[in-house]
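# Structural overview for review
Single-letter residue listing:
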Amino acid sequence: MSGKSDILRGTLDLLILKTLALEPMHGFGIGQRIKQISGEVFQLNQGSLYPALSRLERDGLIASGWSESDNNRRARYYRLTAAGRKRLSAATAGWRRVSDAINRVLKMA
């Protein structure tokens, strides 16, 4: 069971880091962007998203600060750190390697 949760956590981390590579965002915006870009395949609930954001921040991969959102409410905005960019690059390469291998297996006759 640990392997499955590690894969899911790694995938969620990759999605969040990639989203923040585009621009700093607040938590709700991150979830909405991932939902939109994935064609609604990924719909993150708060119980998954916010613990992941806390963990990524604790690990130094993202940083946060308070600012006003588009609707004039205070919101915590997250941004990618240098360590986060490095992790995103490594995770993207790893994901592509695994994805290519799975595609090769699925193409077997």
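What this report covers is the structure whose coordinates are included nearby. Bear in mind that the values here come from a model prediction, so they are computed numbers and not experimental data. (Residues numbered from 1 in each chain as written. Predicted model: local features only at pLDDT ≥ 70, side-chain atom pairs only at ≥ 80, totals over all residues. Heavy atoms only, no water.)

### Focus on the layout of surface pockets
Approximately 410 Å³ is the volume attributed to the largest pocket. Taken together, 14 residues make up the lining of the largest pocket; nearest its centre are Leu14, Leu15, Lys18, Ile37 and Trp95. Contributions of two or more residues to the lining of the largest pocket are made by α1 (2-22), α2 (27-37) and α4 (82-106). The element best represented in the lining of the largest pocket is α1, accounting for six residues. For the lining of the largest pocket, the per-class residue count stands at eight nonpolar, four polar and two charged. Gly27, Phe28, Gln46, Leu49 and Tyr50 are, among the 15 residues lining the second largest pocket, the residues nearest its centre. Mapped by element, the contributors of at least two residues to the lining of the second largest pocket are α2, α3 (46-58) and β3 (74-80). Ranked by residues supplied to the lining of the second largest pocket, first place goes to α2 with five residues. (1 Å grid on protein atoms, 1.4 Å probe; cavity = no way out; pocket = protein on both sides within 12 Å on 5 of 7 lines; lining within 4 Å. Points joined across faces, edges and corners; volume = space filled by probe spheres on them. Helix = DSSP H or I, 4+ residues; strand = E, 2+ residues; numbered from the N terminus. Nonpolar A, V, L, I, M, F, W, Y, C, P; charged D, E, K, R; others polar.)

### A few points about α3
Given a rise of 1.5 Å per residue, 13 residues ought to cover 18 Å, and the 18 Å separating the end C-alpha atoms of α3 matches this to within 8%. The residue sitting at the N-terminus of α3 and contributing the capping side-chain oxygen is Asn45; that oxygen lies 3.0 Å from the backbone nitrogen of Gly47. (Expected span 1.5 Å × (residues − 1). Polar contact = N/O pair within 3.5 Å; in protein donor to acceptor, adjacent residues only side chain to side chain.)

### Section: the nonpolar core
If you look at the biggest cluster of nonpolar residues, it comprises 17 residues, and the most contacted ones within it are Ile16, Leu17, Leu20, Ile30, Leu53 and Ile62. Of all elements in the fold, only α1, α2, α3 and β3 reach the threshold of two or more residues within this core. It is α1 that provides the largest number of residues to this core, a total of five residues. In contact with Leu20, not counting residues within four places along its chain, are Met25, Ile30, Ile62, Tyr78 and Leu80. (Core = buried A, V, L, I, M, F, W, Y, C linked by side-chain atoms within 4.5 Å. Buried < 20%, exposed > 50% of the residue type's maximum accessible area, 1.4 Å probe, protein only. Contact = heavy atoms within 4.5 Å.)

### What about the sheet that holds strand β2 (residues 62-68)?
In any sheet, the strands associate via hydrogen bonds between backbone groups, in a parallel or an antiparallel arrangement. A sheet is described by the order of its strands in space; here three strands give the open sequence β1-β3-β2, paired in antiparallel fashion. With partners counted over all chains shown, the strands left at the sheet margins are β1 (25-26) and β2, one partner each. For β2 and β3, the ladder comprises seven bridges, and the chain directions are antiparallel. Bridge pairing links Trp66 to Arg76 in β3. Across the sheet, α3 touches β2 and β3, and the angle it forms with β2 is around 120 degrees. (Pairing = 2+ DSSP bridges. Axes fitted to C-alpha atoms, helices over the stretch in contact; angles between N-to-C directions.)

### Comments concerning the packing of α2 against α3
Closest axis-to-axis distance for the α2/α3 pair is 10 Å, and the angle between their directions is 115 degrees. Judged by the sense of rotation from one axis to the other, the crossing of α2 with α3 is right-handed. Together, Gly27, Phe28, Ile30 and Gly31 of α2 and Leu49, Tyr50 and Leu53 of α3 make up the contact between the two elements. Looking at side-chain class alone, the contact of α2 with α3 contains five nonpolar, two polar and no charged residues. (Left-handed = near helix turned anticlockwise from the far one by under 90°.)

Purely geometric stuff here, so don't read any function into it on its own.
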